[in-house]
2 protein chains.
Amino acid sequence: MSDLDVHNLLASHNLRCTRPRVKLATLLFADGRDRHVTAEWAADALAKEGDEVALATVYNTLNSFVEAGLLRQISCQEAGRQVFDTNVEPHHHFYNEQTGELTDVPQNAFRFYKMPAAPDGAEIVDWQVTVTIRPH
Amino acid sequence: MSDLDVHNLLASHNLRCTRPRVKLATLLFADGRDRHVTAEWAADALAKEGDEVALATVYNTLNSFVEAGLLRQISCQEAGRQVFDTNVEPHHHFYNEQTGELTDVPQNAFRFYKMPAAPDGAEIVDWQVTVTIRPH
DNA sequence: TCATAATTTATATTCATTCTAATTAAAATG
DNA sequence: CATTTTAATTAGAATGAATATAAATTATGA
């Protein structure tokens, strides 16, 4: 993903092209790989490249990316830290209980013939499987 | 669940019968209902009954209960707080995105005919579905 | 170029949880 | 039953993640 692409990506999501946003978007989206990152990880990764961004800004930016639909916040995780997922398509996760690492499981890895109905007065908007794995 | 039962429950799980443990076990297990509770909720509930227990003790106790297999820690939740589940059997959850409330979904409400294989070098130890619902 | 509105930033603050060290209480022993 | 040992409780301090604040900076459009 070129500099121009990053600018287009931000612009097309109504996000101003600021230094922190460009750096973070490049870090997260440039190679098209799926990633599960914390704010601290992203801040450290930028710092290592000499692109220091204040931690508060990293939080702000990741949250704007979530609002813009560029990132997804993962709710299935070790308690106590927010994890952001670059894969915004519906999918599931392996959770390595030893390392805490999350790995994507494609949506179609699960096929079901029975699902619960939504409770009265509510609708189902998403479902997500967390598969806990243990190395042996 | 009588006082005697609570004592038996604790004793049979190698937990000393202390005031905080008896109070918490009674609060959580006496009526056999499934509950999803935070440490703060439990501390407040005891305080309202005149049975004050230090918050640190509530945390200690809930964590011992988890270790003893009397409670389960839920990993699918709003970021930032631990939720303890009195239902230790395999099951799933509705997550109300409006209120944050969790409701049990019985294990057999899902039937799959296709599940992902565990990655090399690991085994699947648990899987759990979180169904996000929205009131309408 | 200039004005203005959004963004960044350092710092302070909040909140959930754990740690510490002293006290208290439970079970085991004699 | 008294004593000893060991575990649990507790107040308060400490930690760590995330957000709020408010002043300085920067992007964008006129």
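The preceding data block contains the structure.
Calculation rules
- Once a new chain begins, its residue numbering starts again from 1 and follows that chain's sequence as written.
- Naming scheme: in the order in which they are written, chains are lettered from A and ligands are numbered from 1.
- Note on the predicted model: pLDDT of at least 70 is required for a residue's local features to be given, and 80 or more for side-chain atom pairs to be given and counted; whole-chain, interface and lining totals, by contrast, use all residues.
- Heavy atoms from the whole structure form the basis of all side-chain values; hydrogens and water molecules are not counted.
- The criterion for a residue being near a molecule or strand is simple. One of its heavy atoms has to lie within 4 Å of it.
- Counted as a polar contact is a pair of N or O atoms within 3.5 Å, where, for protein atoms, one must be capable of donating a hydrogen and the other of accepting one, and residues adjacent in sequence contribute only when both atoms are in side chains.
- One requirement defines pairing of two strands: DSSP has to find at least two bridges between them.
- To qualify as a helix, a DSSP run of H or I must reach at least 4 residues; to qualify as a strand, a run of E must reach at least 2; elements of each kind are numbered from the N terminus.
- Axes here mean lines fitted to C-alpha atoms, for a helix over just the part in contact, with angles spanning 0 to 180 degrees between N-to-C directions.
- Under the grouping applied here, Gly and all other residues not named as nonpolar or charged are polar, the nonpolar ones being Ala, Val, Leu, Ile, Met, Phe, Trp, Tyr, Cys and Pro and the charged ones Asp, Glu, Lys and Arg.
- The buried label applies to any residue whose accessible area, calculated with a 1.4 Å probe on protein chains only, is under 20% of its type's maximum; exposed applies above 50%, and partly exposed to all values in between.
- By definition in these notes, contact holds between two residues if any of their heavy atoms fall within 4.5 Å.
- In what follows, salt bridge is the name for a side-chain nitrogen of Lys or Arg lying within 4 Å of a carboxyl oxygen of Asp or Glu.

Draft legend 1. Region of interest: the protein's contact with DNA strand C. In the neighbourhood of DNA strand C, 20 residues make up the surrounding shell, with A:Thr18, A:Arg21, A:Thr57, B:Tyr59 and B:Gln82 lying closest. For DNA strand C, the fraction of protein-proximal atoms (within 4 Å) that sit in sugar or phosphate groups is 86%. A:Ala54 places a polar main-chain atom, nitrogen or oxygen, 3.4 Å from a phosphate oxygen of DNA strand C. Interatomic distance of 3.3 Å between a backbone N/O atom of B:Cys17 and a phosphate oxygen of DNA strand C.

Draft legend 2. Up close: the sheet that holds strand 5 (residues 102-106) of chain B. Taken together, the six strands give an open sheet; going across it, the order is 5(A)-4(A)-7(A)-7(B)-4(B)-5(B), and neighbouring strands pair in mixed fashion. One side of each edge strand has no neighbouring strand; the edge strands of this open sheet are strand 5 (102-106) of chain A together with strand 5 of chain B. Here the average twist between neighbouring strands, direction ignored, is 30°. Here 13 bridges tie strand 7 (residues 122-135) of chain A to strand 7 (residues 122-135) of chain B, and the two strands are oriented antiparallel to one another.

Draft legend 3. Structural detail: the sheet that holds strand 1 (residues 36-37) of chain B. Residue and element names in this part refer to chain B. In space, the three strands of this open sheet follow the order 1-3-2, with antiparallel pairing throughout. The two strands at the open ends of the sheet, each matched to only one other strand, are strand 1 and strand 2 (72-74). For strand 2 and strand 3 (residues 83-85), the ladder comprises three bridges, and the chain directions are antiparallel. The partner of arginine 72 across the bridge, within strand 3, is aspartate 85.

Draft legend 4. Focus on the protein's contact with DNA strand D. Around DNA strand D sit 19 residues in total, of which A:Tyr59, A:Gln82, B:Arg16, B:Thr18 and B:Thr57 are the nearest. B:Arg16 has a polar side-chain atom sitting 3.1 Å from a sugar or linking oxygen of DNA strand D. Within the side chain of B:Arg21, one N or O atom sits 3.2 Å away from a phosphate oxygen of DNA strand D. Going through the elements one at a time, helix 4 (55-68) of chain A together with helix 2 (19-29) and helix 4 (55-68) of chain B are the ones with two or more residues in the surface near DNA strand D. Residues that form the surface near DNA strand D fall into these classes: seven nonpolar, six polar and six charged.

Draft legend 5. Here's a closer look at the pairing of strand 7 of chain A. Judged from the four bridges that link them, strand 4 (residues 91-96) of chain A and strand 7 of chain A form a sheet pairing that is parallel. When the sheet's bridge partners are listed, A:Tyr95 is paired in strand 7 of chain A with A:Thr132.

Draft legend 6. Examining the environment of B:His91 more closely. Residue and element names in this part refer to chain B. For histidine 91, the location among the structural elements is in strand 4 (residues 91-96). The exposure class assigned to histidine 91 is buried, which follows from its relative accessible area of 3%. Sequence-distant contacts of histidine 91, defined by excluding residues within four places in its chain, comprise Asp85, Asp104, Val105, Gln107 and Gln128. In this structure the side chain of histidine 91 is engaged in a polar contact, spanning 3.3 Å, whose partner is the side chain of aspartate 104.

Draft legend 7. Structural context of the pattern of salt bridges. Residue and element names in this part refer to chain B. If you walk through the whole model with that rule in mind, you get 10 salt bridges over all chains. Residue aspartate 51 pairs with lysine 23 through a salt bridge whose shortest N-O separation is 3.7 Å. Of this pair, aspartate 51 sits in the loop between helix 3 (39-48) and helix 4 while lysine 23 sits in helix 2, and the two are 28 residues apart along the sequence. Lysine 23 gets classed as partly exposed once you look at its relative accessible area, which sits at 29%. We note a salt bridge from glutamate 97 to arginine 134, for which the minimum N-O separation is 2.5 Å.

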